[in-house]
Amino acid sequence: MRKKSPPLKKDARARLKVRLMGIACLFLLMGAALGSRLFFLQIISHEDLVALSKKQYETTKKIVFGRGTIFDRNQNALAMNVEVESVYVTPLKVKNKQHTADILASHLDMNRKQILKKLASKKHFAWIKRKGNLQQVKKLQRLELPGVGFIAEQKRFYPKRELAANVTGFVGIDNEGFAGVEHFHHSTLKGTTVHRVIEKDARGRNIRSISDIGRPKTKSSDVVLTIDEVIQFIAEHHLKQQVEKFQADSGMAIVMEPYTGEIFAMANVPQFNPNKYQAYTKGKRKNRIISNSYEPGSIFKPITAAAALDLGVVEKPSELFFCENGKIRIGKTTIREAANHKFGWMSLQNIISKSSNIGAIKIAQKLGEQKFYNYIRKFGFGKKTGIDLPGESAGQLKNHSRWSGLSLASISFGHEIGVTPLQIATALSVIANGGNLVLPHVTKAILKNGVVEKTFQPKIIRRVISEKTSRQMIEVLKNTVKNGTGVPAKVPGFETAGKTGTAQVFDRTTGSYSKDKYLSSFVGFVPADAPKIVVLVMIENPRKNHWGGKVAGPVFRDISADVLRYLNEPAKGERV
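Given the structure is predicted, the values throughout are model-derived calculations rather than measurements.

Student: Is there a simple way to think about the packing of aromatic side chains in this case?
Tutor: Given two aromatic rings, their pairing is described by the distance between the two centres and the angle made by the two planes. Tallied over the full model, the rule gives 13 aromatic pairs. For the ring pair Tyr 88 and Trp 127, a centre distance of 6.5 Å and an interplane angle of 85° mean the geometry is edge-to-face. Note that Tyr 88 is positioned in strand 3 (residues 77–89) and Trp 127 in strand 4 (residues 126–132), a separation of 39 residues in sequence. Look at Phe 322 and Trp 345: their rings are 5.3 Å apart centre to centre, the planes differ by 45°, and that puts the pair in the tilted class. Of this pair, Phe 322 sits in strand 11 (residues 320–322) while Trp 345 sits in strand 14 (residues 345–347); the two residues are 23 residues apart in sequence, bridging distant segments of the chain. The partly exposed category is assigned to Phe 322, whose relative accessible area is 28%. By relative accessible area, Trp 345 is classed as exposed at 60%.

This is the structure:
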């Protein structure tokens, strides 16, 4: 028989009871902790956990649709959108990476090694080609390659290619404005961001593409420019021809309405195609008309003359000055006339028409440093014009208190001062329009769903010279084209006013002016007595010939003649 266990002693039973109660309490505490944790996860943290789960099983890509159109003044599209497809891969889902890379490379004209690198990635999503050619992508879609997906997008397209590219600017791969009007008016044009959701399985593989969360029902606003595509083409065509003829480094041209400040054309050569902007250097994409400053040379002399006439230190254009027979001594520096001219006595009118450096100095000496500086500022130099484009330079103008003993003389004929081409065109518009400085601008209106939402009215900044001074200077500049250095710029059938410029380029490496590099220019307006357009032409470093009248003058003439014909402006003898 089995022996019975001896009864537990009283102390042993008490210890066992305590131990059992301790274990029970421990289980109660563990249960309470587990319950609290479940409550925290299921109730308090529910939303956060759902979001985390979605993040693990869904990826969201932001796609921009409906960016606004950029039109010229006649509502011809300069920038618009086209439908495209982008190609992406889920590397984990690609079964045969070598074969897939071969097919993607051949269909998309891409580098096979770069594609293989993306296919070898541990990421759940990788772009292969953004905004690809639609025909190429459609052929690829028919192959139904495992792990290869497609997303519909819109691509920015510039139907006129190089035309006005430095004005319109361009956008990046995500439709963000990087330059020009695209950048300046980005908030107006930017379009609607659509979130495209791609669902994944538990292993992070793409199952299917969920439709985007609402295509925009209304597009963004459109921008209408003051640019006229016909006038822009005229300016670019004639400028390019002359740059090529003289084997010049580059060229710039502006066509501007002098009373309103509207820019009809803004041409830069060399040109670039904004559809392929990555293929061009930053320098070629830059709008040098507003961003670069130059020593203007003799096209600055009308500013000197206008200031003297307006202030009354020179009473009339016929007032005589002795031009020192070809050279003048300023401190330790001898300044000579261009081409070794020896003019002797000259009127203010002939100083401008024959482009006398010494004559300009004599006029400036009558003004004095402070008064001359004040007028230079009134004409808008030394500060930004305020044009509605990004990247504008203020130019370079030292305060008169920092001028050297040579500054007054140098600035009088356009040296020791930096100006943008736009500043020069705007300043000459002051003379052409009766004496007012107007705000130059390239935006004419904003459209919303095809309806004008906002217009940009002409703005007069200030009066600079009197109407009398304006009329006097118009006669002076007419004489420059009739009898002076500007004869090659004469527009057939129209009285023409303007000024030539031939500036030696300052070489910063040597600290002196180059003997073989020049900025050749002409700025003028036509018809002289009732101007329709102000035109500025600058050609950098032409070969064979460098005189402004010979190099830039004919471009002014050809642009002006074609533009006036396009605007139906009757020539002399045709007026009713």
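Student: When you look at the sheet that holds strand 21 (residues 533–540) in this model, what are you seeing that I'm missing?
Tutor: Where strands meet in a sheet, backbone hydrogen bonds hold them as pairs that are either parallel or antiparallel. With antiparallel pairing, five strands are arranged side by side in an open sheet as 10-9-21-20-19. Edge positions in the sheet fall to strand 10 (263–269) and strand 19 (497–507), since each has one partner strand and no second. Mean inter-strand twist for the sheet, computed between neighbouring axes without regard to direction, equals 10°. Pairing geometry for strand 20 (residues 512–526) and strand 21, over eight bridges, is antiparallel. Paired with Phe 522 across the strands is Val 537, a residue of strand 21.

Student: Before we go on, may I ask you to explain the pattern of salt bridges in this structure?
Tutor: Pairing between side chains of opposite charge can happen when their charged atoms approach one another. Evaluated as defined, the whole model comprises 19 salt bridges. The closest approach of N and O atoms between Glu 182 and Arg 156, which form a salt bridge, is 2.8 Å. With a gap of 26 residues between them, Glu 182 in helix 7 (residues 180–184) and Arg 156 in strand 5 (residues 148–157) connect regions that are remote in the sequence. With its nearest N and O atoms 2.8 Å apart, the salt bridge here joins Asp 249 to Arg 543. With a gap of 294 residues between them, Asp 249 in the loop between helix 9 (229–245) and strand 9 (250–256) and Arg 543 in the loop between strand 21 and helix 19 (548–551) connect regions that are remote in the sequence. Judged by relative accessible area, which is 35%, Arg 543 ranks as partly exposed. Overlapping salt bridges, with partners in common, bring together Glu 475, Lys 478, Lys 482, Glu 495 and Asp 529 in one network.

Rules used throughout
Residues numbered from 1 in each chain as written. Predicted model: local features only at pLDDT ≥ 70, side-chain atom pairs only at ≥ 80, totals over all residues. Heavy atoms only, no water. Phe/Tyr/Trp six-rings, centres within 6.5 Å; stacked < 30°, edge-to-face > 60°. Helix = DSSP H or I, 4+ residues; strand = E, 2+ residues; numbered from the N terminus. Buried < 20%, exposed > 50% of the residue type's maximum accessible area, 1.4 Å probe, protein only. Pairing = 2+ DSSP bridges. Axes fitted to C-alpha atoms, helices over the stretch in contact; angles between N-to-C directions. Salt bridge = Lys/Arg side-chain N within 4 Å of Asp/Glu carboxyl O.

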